[in-house]
Amino acid sequence: MSAPVTFLVASPHLRGSLFEGTVILLLEHDTKGAMGLIVNAPMTQSVQELMPELAGHPEVAWLGGPVDPTLGWCLYAQPVDMEGELRLLPGLTVSSSLDVLRAVERSGQPFMLVLGYAGWGAGQLTEEAREGTWVWVEQSTPELLWDVPAEERWQSALDRLGVDASRIVPGGAQA
């Protein structure tokens, strides 16, 4: 069994920012900082508009975060056995390699093209979590990403914890 992945779910009190109502797939979190991909922010452009060589893909691209929006990420289910892939869970693989994206497209499997990422400096995410900015949801399966429509992911992630958003108090837990 694979280790679970973590989704960061924006607190309902995080209003007026890019991160309001977001769900972020956390890819890295260590003493140097953290990074992840917003997985519920569809863009207005389609994959084929952004990458004409991927004609036949009218599905939307996704805004992964405000950092480096020229950097693309591909989220997909089945590895294509190429260098540059990171299998997060059975049924969820990620890569920032353009060659991998092209191989995934040729494989015929569905994928998400995600542009940019969310990043935090050393200790920043831990502090934001302490302040109650993020609710952490660990999942050992990728259903939240593949089986839940984007507009329902935020609520669905909270439901998986049994959390009522109206009962989340700003300021986080204090001991």
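The notes below deal with the structure included here. (Residues numbered from 1 in each chain as written. Predicted model: local features only at pLDDT ≥ 70, side-chain atom pairs only at ≥ 80, totals over all residues. Heavy atoms only, no water.)

### With respect to unusual backbone geometry
Step number 1: Despite not being glycine, Asp 68 shows a phi value in the positive range, around 45°.
Step number 2: Classification of Asp 68 as partly exposed rests on a relative accessible area of 37%.
Step number 3: A positive phi angle is found at Asp 81, which is not glycine, with a value near 55°.
Step number 4: Considering the arrangement of structural elements, one finds Asp 81 in the loop between strand E6 (67-76) and strand E7 (85-89).
Step number 5: Relative accessible area serves as the criterion here: at 72%, Asp 81 is assigned to the exposed category. (Buried < 20%, exposed > 50% of the residue type's maximum accessible area, 1.4 Å probe, protein only. Helix = DSSP H or I, 4+ residues; strand = E, 2+ residues; numbered from the N terminus.)

### What to know about helix H5 (residues 153-161)
Step number 1: Among the residues of H5, those classed as buried are Arg 153, Trp 154, Ser 156, Ala 157 and Leu 158.
Step number 2: Next to the buried residues of H5 lie strand E1 (5-10), strand E2 (23-30), strand E5 (60-63), strand E9 (111-121), strand E10 (134-139) and helix H4 (143-146).
Step number 3: Backbone geometry just downstream of H5 places Gly 162 in the positive-phi region, at approximately 75°. (Contact = heavy atoms within 4.5 Å.)

### Let's talk about the pattern of salt bridges
Step number 1: A complete count under the given rule lists three salt bridges for this structure.
Step number 2: Between Arg 102 and Asp 99 there is a salt bridge; the shortest N-O distance is 3.8 Å. Taken as a pair, Arg 102 and Asp 99 lie in helix H2 (residues 98-107) at a separation of three residues, close to a single helical turn.
Step number 3: You can call Asp 99 partly exposed: its relative accessible area is 47%. (Salt bridge = Lys/Arg side-chain N within 4 Å of Asp/Glu carboxyl O.)

### Some words on the side chain of Ser 95
Step number 1: For Ser 95, the location among the structural elements is in strand E8 (residues 92-95).
Step number 2: Of the polar contacts made by the side chain of Ser 95, one reaches the backbone oxygen of Gly 84; its length is 2.8 Å.
Step number 3: Among residues more than four places away in sequence, those in contact with Ser 95 are Gly 72, Trp 73, Cys 74, Tyr 76, Gly 84, Glu 85 and Val 100. (Polar contact = N/O pair within 3.5 Å; in protein donor to acceptor, adjacent residues only side chain to side chain.)

### Considerations on the nonpolar core
Step number 1: One finds Phe 7, Leu 25, Leu 75, Trp 120 and Trp 134 to be the most contacted residues of the largest nonpolar core, which totals 39 residues.
Step number 2: Top element by residues in this core is E1. It accounts for five residues.
Step number 3: Discounting chain neighbours no more than four positions away, the residues touching Leu 25 are Val 5, Thr 6, Phe 7, Gly 36, Leu 37, Val 39, Leu 75, Leu 88 and Leu 92.
Step number 4: Of all hydrophobic cores here, the second largest spans 12 residues; its members include Val 47, Tyr 76, Val 100 and Val 104. (Core = buried A, V, L, I, M, F, W, Y, C linked by side-chain atoms within 4.5 Å.)

### Let's talk about the packing of aromatic side chains
In this description, a pair of aromatic rings is defined by centroid distance and the angle of the planes.
Step number 1: Taken as a whole, this structure holds two aromatic pairs when the rule is applied.
Step number 2: On the basis of an interplanar angle of 80° and a centroid distance of 5.8 Å, the ring pair of Phe 19 and Trp 134 is categorised as edge-to-face. Taken together, the residues Phe 19 in the loop between E1 and E2 and Trp 134 in strand E10 connect sequence positions 115 residues apart.
Step number 3: Overall, the relative accessible area of 4% leaves Trp 134 in the buried class.
Step number 4: Geometrically, the ring pair formed by Trp 120 and Trp 134 is edge-to-face, given 6.0 Å between the ring centres and 85° between the ring planes. With a gap of 14 residues between them, Trp 120 in strand E9 and Trp 134 in strand E10 connect regions that are remote in the sequence. A single burial state applies to Trp 120 and to Trp 134, both of which are buried.
Step number 5: The structure contains a cluster of three or more aromatic residues connected by ring pairs, namely Phe 19, Trp 120 and Trp 134. (Phe/Tyr/Trp six-rings, centres within 6.5 Å; stacked < 30°, edge-to-face > 60°.)

### Description of the environment of Trp 136
Step number 1: Assignment of secondary structure puts Trp 136 in strand E10.
Step number 2: What makes Trp 136 partly exposed here is its relative accessible area of 32%.

### Focus on H2
Step number 1: Along H2, the positions that sit buried rather than exposed are Val 100, Leu 101, Ala 103 and Val 104. The buried residues of H2 occupy an angular sector of 165° when projected down its axis, which confines them to one face.
Step number 2: The inward-facing, buried residues of H2 abut E6, E7, E8 and E9.
Step number 3: For H2, the N-terminal capping position is held by Ser 97, with its side-chain oxygen 3.2 Å away from the main-chain nitrogen of Asp 99.
Step number 4: Looking at the residues trailing H2, positive phi occurs at Gly 108, about 85°. (Arc of directions from axis to C-beta.)

What is shown is where atoms sit, not what they do.
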